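Breakdown of the fold
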Amino acid sequence: MRKKIVAGNWKMNLLKDDAIRFAEELNQGLFSTDNRTTDVFVFPGFTLLEAARQNAEYFKIGAQNFYPKQSGAFTGEVSIEQLKDLNLDVVIIGHSERRILFNESNQFIQEKLFSALDNDFTPILCIGETLDVRNNGHHFSFISEQLAAALNAFNAHQLEKLILAYEPVWAIGTGITASTEQAEEMHCHIRSWLTNNFSLELAEKISILYGGSCNEMNAKELFSCPNVDGGLIGGASLNAKQFLSIINIMNGLF
Ligand code: PGA
């Protein structure tokens, strides 16, 4: 049985007091709804990590980014060791904002995956096509290429902790969500790719989240898709009540 996951990516938003208030509200909500079936992750910015982690009781805090070198002269960067030092063990890798705005290449993303897996972290690897790619009908091959570029250096055993997030770039922060058909057919494609390149066993184990303008209005239909195992939520994760509603939708369904 694959894990059901709802994860919140705060991006470069909120301050320390907001993080503490959010944690208190979410703890209370998760406690009173007796959340058992959904794993909940929240990814705050670096400066909020410690406050959020100290206050998170019924959910897990992870980091949005890190630099894949152990230590050294990398001004402004944060290593996985430093994240470990905060008792963290989940990271997002390959988010389209990092790929596009910060020029993170496929090779660099693979290096980050190595570093994360080597250090026993759970990576959430994001993949997703731009609108151009979709309009040209190349979205399936594009996603296969992104998967191959990130994962071709690993074996099935090394990837057991991996979580994937399909986040079409045209849906992120735009208010346009993939339809259930678009989400389900791409999640199926990703799972077949995993079966063909690794094993059916691994493909059946890896949770594939949907991300891109997912909110309390559309979560129910997206999460009802058999191959959608949860969501990576941006904007709608900034408010504890809204985020909790999305988690509760997942809990109600499974
Ligand atoms: P969004 O962001 O929910 O605000 O579209 C999702 C993401 O980028 O992870």
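Only a predicted model underlies this, so the values are computations on that prediction, with no experimental measurement involved. (Residues numbered from 1 in each chain as written. Predicted model: local features only at pLDDT ≥ 70, side-chain atom pairs only at ≥ 80, totals over all residues. Heavy atoms only, no water.)

1. Observations concerning the pattern of salt bridges
Applying the stated criterion across every chain, the model contains 17 salt bridges. For Lys 84, the salt bridge goes to Glu 81, with nearest N and O atoms at 3.8 Å. Of this pair, Lys 84 and Glu 81 are both found in helix α3 (residues 80-85), 3 residues apart, which corresponds to roughly one turn of the helix. The exposure class of Lys 84 is partly exposed, given its relative accessible area of 36%. Exposure remark for Glu 81: the relative accessible area of 36% places this residue in the partly exposed category. With a closest N to O distance of 3.0 Å, Glu 104 and Lys 112 form a salt bridge. Here Lys 112 falls in the buried class, since its relative accessible area comes to 1%. Taken together, the salt bridges that share partners define one network made up of Arg 2, Lys 4, Arg 191, Glu 204 and Asp 229. (Salt bridge = Lys/Arg side-chain N within 4 Å of Asp/Glu carboxyl O. Helix = DSSP H or I, 4+ residues; strand = E, 2+ residues; numbered from the N terminus. Buried < 20%, exposed > 50% of the residue type's maximum accessible area, 1.4 Å probe, protein only.)

2. Let's talk about the packing of helix α7 (residues 139-151) against helix α8 (residues 180-197)
Relative to each other, α7 and α8 sit at 40 degrees, their axes nearing to 10 Å. Taken together, the axes of α7 and α8 are oblique relative to one another. Of the two elements, α7 crosses α8, and the hand of that crossing is right-handed. Contacts between α7 and α8 involve His 139, Phe 140, Ile 143, Ser 144, Leu 147, Ala 148 and Leu 151 from the former and Glu 185, Met 186, His 189, Ile 190, Trp 193 and Leu 194 from the latter. Of the residues belonging to the contact of α7 with α8, the class tally is 9 nonpolar, 3 polar and 1 charged. (Axes fitted to C-alpha atoms, helices over the stretch in contact; angles between N-to-C directions. Parallel < 35°, antiparallel > 145°, perpendicular 65-115°, else oblique. Left-handed = near helix turned anticlockwise from the far one by under 90°. Contact = heavy atoms within 4.5 Å. Nonpolar A, V, L, I, M, F, W, Y, C, P; charged D, E, K, R; others polar.)

3. Brief notes about the pairing of strand β2 (residues 38-43)
Taking burial as the measure, the 6 residues of β2 include 5 buried ones, the bulk of the element. Bridge count between strand β1 (residues 4-9) and β2: 6 bridges; the pairing is parallel. Bridging from a neighbouring strand, Asn 9 pairs with Phe 43 of β2. Viewed along the sheet, the connection from β1 through helix α1 (residues 16-32) into β2 turns out right-handed. Judged from the 2 bridges that link them, β2 and strand β3 (residues 60-61) form a sheet pairing that is parallel. For Val 42, the partnering residue across the bridge sits in β3 and is Ile 61. (Pairing = 2+ DSSP bridges. Right-handed = clockwise from strand over helix to strand, strands pointing away.)

4. Some details on the side chain of Arg 2
Tracing the sequence through the fold places Arg 2 in the segment before β1. Take Arg 2: its relative accessible area is 15%, and that puts it in the buried class. Within the structure, Arg 2 has its side chain in polar contact with the side chain of Glu 204 (distance 3.1 Å). Among the polar contacts listed, one links the side chain of Arg 2 to the backbone oxygen of Pro 226, at a separation of 3.4 Å. Contacts of Arg 2, omitting those with residues within four sequence positions, involve Arg 191, Ala 203, Glu 204, Lys 205, Ile 206, Ser 207, Pro 226, Asn 227 and Asp 229. (Polar contact = N/O pair within 3.5 Å; in protein donor to acceptor, adjacent residues only side chain to side chain.)

5. What to know about the nonpolar core
Counting 68 residues, the largest nonpolar core has Leu 26, Leu 151, Ile 190 and Phe 223 as its most contacted members. Examining the composition of this core, we find that 7 residues originate from one element, helix α11 (residues 240-253), more than from any other. (Core = buried A, V, L, I, M, F, W, Y, C linked by side-chain atoms within 4.5 Å.)

6. Thoughts on the site of the ligand
The environment of the ligand is formed by 13 residues, the closest being Lys 11, His 95, Glu 167, Gly 173 and Ser 213. Lys 11 is positioned with one of its side-chain polar atoms (N or O) 2.7 Å from an oxygen atom of the ligand. One nitrogen or oxygen atom from the main chain of Gly 173 is found 2.7 Å from an oxygen atom belonging to the ligand. In isolation the ligand offers 280 Å² of accessible surface; the protein chains occlude 95% of this area. (Near = heavy atom within 4 Å. Areas by Shrake-Rupley, 256 points an atom, 1.4 Å probe, with all protein chains shown as cover.)

7. Some details on the side chain of Ser 237
Note that Ser 237 resides in the loop between β8 (230-233) and α11. Within polar-contact distance, the side chain of Ser 237 engages the backbone oxygen of Gly 234 at 2.7 Å. When sequence neighbours within four positions are dropped, the list of residues in contact with Ser 237 reads Gly 8, Asn 9, Trp 10, Phe 22 and Phe 243.

8. Looking at the environment of Asn 55
Positionally, Asn 55 belongs in helix α2 (residues 49-55). By relative accessible area, which is 23% here, Asn 55 ends up partly exposed. Each C-alpha atom, one on Asn 55 and one on Glu 24, is 6.9 Å from the other, the two residues being 31 residues apart in sequence. Excluding residues that lie within four positions of it along the chain, Asn 55 makes contacts with Ile 20, Ala 23 and Asn 27.

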